[in-house]
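Chain by chain, the residues run as shown.
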Amino acid sequence: MRGRDLFVSAKPLLNGVAAMLRVVPKPLLVWAWHLTDLLPELPGIAARYAILKRLARSCGDNVLVGRGVEIRYWERLSIGSNVSIHKQCYVDAYGEILIEDDVSIAHQTSIVSFQHTWQDAGLPIRDNAVVTGMIWISRDVWIGCGCRILAGVSIGSRSVVAAGAVVNKNIAAHTVAAGVPARPVKHIGPELKPHHPRQHG
């Protein structure tokens, strides 16, 4: 059975659990989030979904989050439907993150919506102010493993970010981007129908 079909059958239960979690304090839920890594695969996915539904600003249907995913500033994170965030990803929504529908994020990717500054020479760089920038991942995007998505960027719909890419500038829709820093390497256009010249006899 496909994941979407499993979700449809379990949706009433999952939404009921998420509703009950509203009375549980956030620190306890964040602690429970890490404990879900100890559960078997499907129960762990279900538990993480219910917690995400409770803590995120918004969360759609059929969202899969793998083991070892770290999320910070949950209340500034918005996720659509049919989204997968695979194992060991790091998501920091300090500057806000919006992930639209039908997005797949492969394992060990980092999405960080702030960056350090270094203008005050009297302070260590780590103690300088940070600058935030919203990250917007449009619908139907595939982000490969080990990518780094940095603050203030948007990724257009139906795009692919190749494995290991570092995205520090916007990526247009219908684009394959790769490299460090990521650059467009291919356009993903609509498939062209084969042309059959009319036969003359």
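Residues numbered from 1 in each chain as written. Predicted model: local features only at pLDDT ≥ 70, side-chain atom pairs only at ≥ 80, totals over all residues. Heavy atoms only, no water.

Caption draft 1: Fine view of the sheet that holds strand β1 (residues 58–59). Taken in spatial order, the five strands of this open sheet run β1-β4-β7-β12-β15, and their pairing is parallel. In this open sheet, the two edge strands, each paired with only one partner strand, are β1 and β15 (154–155). Sheet topology note: the strand β7 (residues 97–99)/strand β12 (residues 135–137) ladder contains three bridges and is parallel. The residue bridging Ile99 from the neighbouring strand is Ile137, located in β12. (Pairing = 2+ DSSP bridges. Helix = DSSP H or I, 4+ residues; strand = E, 2+ residues; numbered from the N terminus.)

Caption draft 2: Molecular detail of the pattern of salt bridges. Throughout the structure, instances matching the rule amount to eight salt bridges. Taking the shortest distance from any N to any O, the salt bridge between Glu75 and Lys26 comes out at 3.0 Å. In this pair, Glu75 sits in the loop between β3 (70–72) and β4 (77–79) while Lys26 sits in helix α2 (residues 26–35), placing the two residues 49 residues apart along the sequence. When its relative accessible area of 35% is taken as the criterion, Glu75 is described as partly exposed. On the basis of relative accessible area, Lys26 is assigned to the partly exposed category, the value being 34%. In this structure, the salt-bridge partner of Arg139 is Asp102, at a minimum N-O distance of 3.2 Å. (Salt bridge = Lys/Arg side-chain N within 4 Å of Asp/Glu carboxyl O. Buried < 20%, exposed > 50% of the residue type's maximum accessible area, 1.4 Å probe, protein only.)

Caption draft 3: Representation of unusual backbone geometry in the model. Here Val180 and Pro181 are connected by a cis peptide whose omega angle stands at -5°. With phi around 65°, Gln88 is a residue other than glycine that occupies positive phi space. Along the chain, Gln88 falls in the loop between β5 (83–85) and β6 (90–92). Residue class for Gln88 comes out partly exposed when judged on its relative accessible area of 48%. Of note in this structure, Asp140 is not a glycine but carries a positive phi near 60°.

Caption draft 4: Up close: the sheet that holds strand β14 (residues 148–149). The sheet built from five strands is open, its strands ordered β3-β6-β9-β14-β17 with parallel pairing. Across the chains shown, the open sheet's two edge strands, defined by having one partner strand only, are β3 and β17 (166–167). Note: β3 against β6, three bridges, orientation parallel. Residue pairing for β6: Glu70 is matched across the bridge by Tyr90.

Caption draft 5: The arrangement of the pairing of strand β19 (residues 183–187) in detail. Of all five residues making up β19, only zero are buried, and the element is barely covered by its neighbours. Relative to β19, strand β18 (residues 175–178) is paired through four bridges, and the arrangement is antiparallel. Note on β19: the bridge partner recorded for Val176 is Lys186. What sits between the antiparallel neighbours β18 and β19 is a turn of four residues, in which Gly179 has the positive phi angle 105°.

Caption draft 6: View of the environment of Val153. Looking at the secondary structure, you find Val153 in the loop between β14 and β15. Accessibility expressed as a relative area gives 2% for Val153, which makes it buried. Ignoring sequence-local partners within four residues, the contact set of Val153 consists of Met134, Ile135, Trp136, Val167, Asn168, Lys169 and Asn170. (Contact = heavy atoms within 4.5 Å.)

Caption draft 7: Spotlight on the pairing of β18. In the sheet, strand β16 (residues 159–161) pairs with β18 via two bridges, with the strands oriented parallel. Counted as the bridge partner of Val160 is Val176 from β18.

Caption draft 8: Summary view of the state of the cysteines. Counted by the stated rule, this structure contains zero disulfides. Unpaired in terms of disulfides, Cys59 finds its nearest cysteine sulfur in Cys89, a separation of 15 Å. With relative accessibility at 11%, the residue Cys59 sits in the buried group. Looking at the unpaired Cys147, the closest cysteine sulfur is the one in Cys145, lying at 7.0 Å. (Disulfide = S-S within 2.5 Å.)

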